[in-house]
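Spelled out from the first residue to the last, the chains are:
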Amino acid sequence: MSQHAVTRQSHKHALDVAHPPPGPGNLRAVLLPVAVVLLIGAVFVSVYLAAFHAPRPHQLRVGTTEIGAQQARLSQHLERIAPGGFTVETYPDKSAARDAVQDRTVYAAYLGHGKLLYGSANGAGVTATVTTAFGSVAHAEHYELAVEDVAPAAAGDTRGLSVFYAAFGLVLAGYLFGMTTYQLAPRLQYRWRMASLALFGVVGGFVVALIAGSTGFGALPGPFLPLVVVISLMGAAVGATTMVLLRLFGSAGVSLASILMLILGNSSSGGILPAAYLPAWLRPLSEILPVGVGVRAMQGLSRFQDDGLFRALVILPAWVLGAALVLYLKDVYRREAPAAAGEKSALQPVGG
């Protein structure tokens, strides 16, 4: 056999070894990442378009000091402008109506004779909604709309969107923490993993409050330490929930956490528009998911007389403690119980 033939045969053999024919495992490795990532992308696009492609209010709370026939005409006019768009609350005087706008019991209050109280801290979308609707009401009453901003936006948050971006960054960090803690240290003891979670939450709370609060961009001008507490609890709740989903469902838990926290959580947070603008199926999530609960409290601390703070101090720790309990049962209890049973059987007398 010639030298050239030997060399070619060796080369062919080397190629055969380096490139085995594709098998079921290879096809799965090729197709599964594509399918998972495109599914998450499709969910992201669908949820955000459903929420924000054409937002309109649903039972947006507004107030008035008008009574009797005047209030009836007001309600009828608002219903014609936006069917099902508003819920009207009655207040005895301007002072009570002002308080209601300032603590976000209502998003605006109409005082009659073309006078409207509103809060620009609710964002440009809400401001446009209420000024347009009540401008039409005032015009029907032959008045020019006169507005008074009783809950102004922060100087560092003129569009009312900064809280959304701050929360989105924190949620992303919490998701990445929950995912990487098991990847980098899969056998870390439970108490040290919980210490790592606590450290992440506290440091994350301080960092976000420093950047977004009065010491930074001034987008969240609320009291510093309460902001730190709320932000820390929100970050820890997202991180802990991601850890639980990862432990319960393995690699599929990473995708579930991204859908639950990054997509559903952020879209329903109220950071872009209040929950009253969301589709009916998405609206309840703003009341229970850590992102929506935290965002409402952050906004309340900054501009709305602590609106949502109590709810956050109840719901966010519940998420953290619930996740910690599940992780304890998964990482500690299920390991100790078989070991204890083994020790007991070893001590049992033979033939006893």
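Residues numbered from 1 in each chain as written. Predicted model: local features only at pLDDT ≥ 70, side-chain atom pairs only at ≥ 80, totals over all residues. Heavy atoms only, no water.

(A) Representation of the overall build of the protein chain within the structure. Of the regular secondary structure elements, the protein chain holds 12 helices and 5 strands. A separation of at least 24 residues holds for 72% of the contacts in the protein chain among residues at least 6 apart in sequence. For the protein chain, the accessible surface area stands at approximately 18400 Å², while carbon and sulfur atoms represent 66% of it. (Helix = DSSP H or I, 4+ residues; strand = E, 2+ residues; numbered from the N terminus. Contact = heavy atoms within 4.5 Å. Areas by Shrake-Rupley, 256 points an atom, 1.4 Å probe, with all protein chains shown as cover.)

(B) Quick peek at the packing of helix H8 (residues 224–249) against helix H9 (residues 251–267). At a minimum axis separation of 6 Å, H8 and H9 run at an interaxial angle of 145°. By crossing handedness, the relation of H8 to H9 is classed as right-handed. Between H8 and H9, the residues in contact are Val238, Thr241, Thr242, Leu245, Leu246 and Phe249 and Ser251, Ala252, Gly253, Val254, Leu256, Ala257, Leu260 and Met261, respectively. Taken together, the residues of the contact of H8 with H9 sort by class into 10 nonpolar, 4 polar and no charged. (Axes fitted to C-alpha atoms, helices over the stretch in contact; angles between N-to-C directions. Left-handed = near helix turned anticlockwise from the far one by under 90°. Nonpolar A, V, L, I, M, F, W, Y, C, P; charged D, E, K, R; others polar.)

(C) Examining the sheet that holds strand S4 (residues 115–118) more closely. With mixed pairing, the 5 strands of this open sheet are ordered in space as S2-S1-S3-S4-S5. Sheet topology places strand S2 (86–90) and strand S5 (146–149) at the edges, where each strand pairs with a single neighbour. When the angles between neighbouring strand axes are averaged without regard to direction, this sheet yields 25°. Note: strand S3 (residues 108–112) against S4, 4 bridges, orientation antiparallel. (Pairing = 2+ DSSP bridges.)

(D) Structural context of the pairing of S2. Two strands pair when backbone bridges link them, and strand S1 (residues 60–64) and S2 are joined in this way by 5 bridges, in the parallel orientation. Paired with Thr64 across the strands is Thr90, a residue of S2. For the crossover that starts at S1, traverses helix H3 (residues 68–81) and ends in the parallel S2, the hand is right-handed. (Right-handed = clockwise from strand over helix to strand, strands pointing away.)

(E) Layout of the side chain of Thr129. Along the polypeptide, Thr129 turns up in helix H5 (residues 124–140). Residue classification places Thr129 among the buried residues on the basis of a relative accessible area of 18%. If we ignore the near neighbours within four places in the chain, the residues touching Thr129 are Pro57, Leu60, Phe86 and Tyr277. (Buried < 20%, exposed > 50% of the residue type's maximum accessible area, 1.4 Å probe, protein only.)

(F) Quick look at the layout of surface pockets. In this structure, the largest pocket spans a volume of roughly 580 Å³. For the largest pocket, the lining is made up of 36 residues, of which Arg104, Tyr107, Pro274, Arg296 and Gln299 are closest to its centre. Within the residue set of the lining of the largest pocket, elements represented by two or more residues are helix H10 (285–288) and helix H11 (290–303). For the lining of the largest pocket, the leading source of residues is H11, giving 6 residues. In this model, the second largest pocket occupies a volume close to 200 Å³. Lining the second largest pocket are 14 residues, with Glu66, Gln70, Arg73, Leu74 and Glu141 sitting closest to its centre. Secondary structure elements with two or more residues in the lining of the second largest pocket: H3, S3 and H5. Sorting elements by how many residues they give to the lining of the second largest pocket places H3 first, with 6 residues. Residue classes in the lining of the second largest pocket are distributed as 5 nonpolar, 5 polar and 4 charged. (1 Å grid on protein atoms, 1.4 Å probe; cavity = no way out; pocket = protein on both sides within 12 Å on 5 of 7 lines; lining within 4 Å. Points joined across faces, edges and corners; volume = space filled by probe spheres on them.)

(G) Expanded view of the packing of helix H6 (residues 162–184) against helix H7 (residues 190–212). Orientation of H6 relative to H7, taken along the N-to-C sense of each, is 160°, at an axis distance of 11 Å. One element, H6, and the other, H7, form an angle in the roughly antiparallel class. In this structure, H6 meets H7 at a crossing whose hand is right-handed. Contact residues: H6 offers Ala166, Leu170, Ala173, Gly174, Phe177, Thr181 and Tyr182, while H7 offers Arg193, Ser196, Leu197, Phe200, Gly204, Val208 and Ala212. Tallied by class, the residues present in the contact of H6 with H7 amount to 9 nonpolar, 4 polar and 1 charged. (Parallel < 35°, antiparallel > 145°, perpendicular 65-115°, else oblique.)

(H) Quick peek at the packing of aromatic side chains. Scanning the model with the defined rule gives 8 aromatic pairs in all. Aromatic side chains Phe164 and Tyr165 sit 5.5 Å apart centroid to centroid with 70° between the ring planes, which places their arrangement in the edge-to-face category. Residue Phe164 is classed as buried on the basis of its relative accessible area, which comes to 8%. Ring geometry for Tyr190 against Tyr328: centres 5.5 Å apart, planes inclined by 75°, an arrangement best described as edge-to-face. Here Tyr190, found in helix H7, pairs with Tyr328, found in helix H12 (residues 309–347); they are 138 residues apart in sequence, far enough to count as distant. Note on Tyr328: relative accessible area 31%, which makes it partly exposed. Taken together through their ring pairs, the aromatic side chains of Phe44, Tyr48 and Phe52 make up a single cluster. (Phe/Tyr/Trp six-rings, centres within 6.5 Å; stacked < 30°, edge-to-face > 60°.)

(I) Examining the environment of Gly160 more closely. The residue Gly160 is located in the loop between S5 and H6 in this model. It is 6.0 Å that separates the C-alpha atoms of Gly160 and Ala121, two residues lying 39 residues apart in sequence. Other than its neighbours up to four places away in sequence, Gly160 contacts Gly123 and Gly271.

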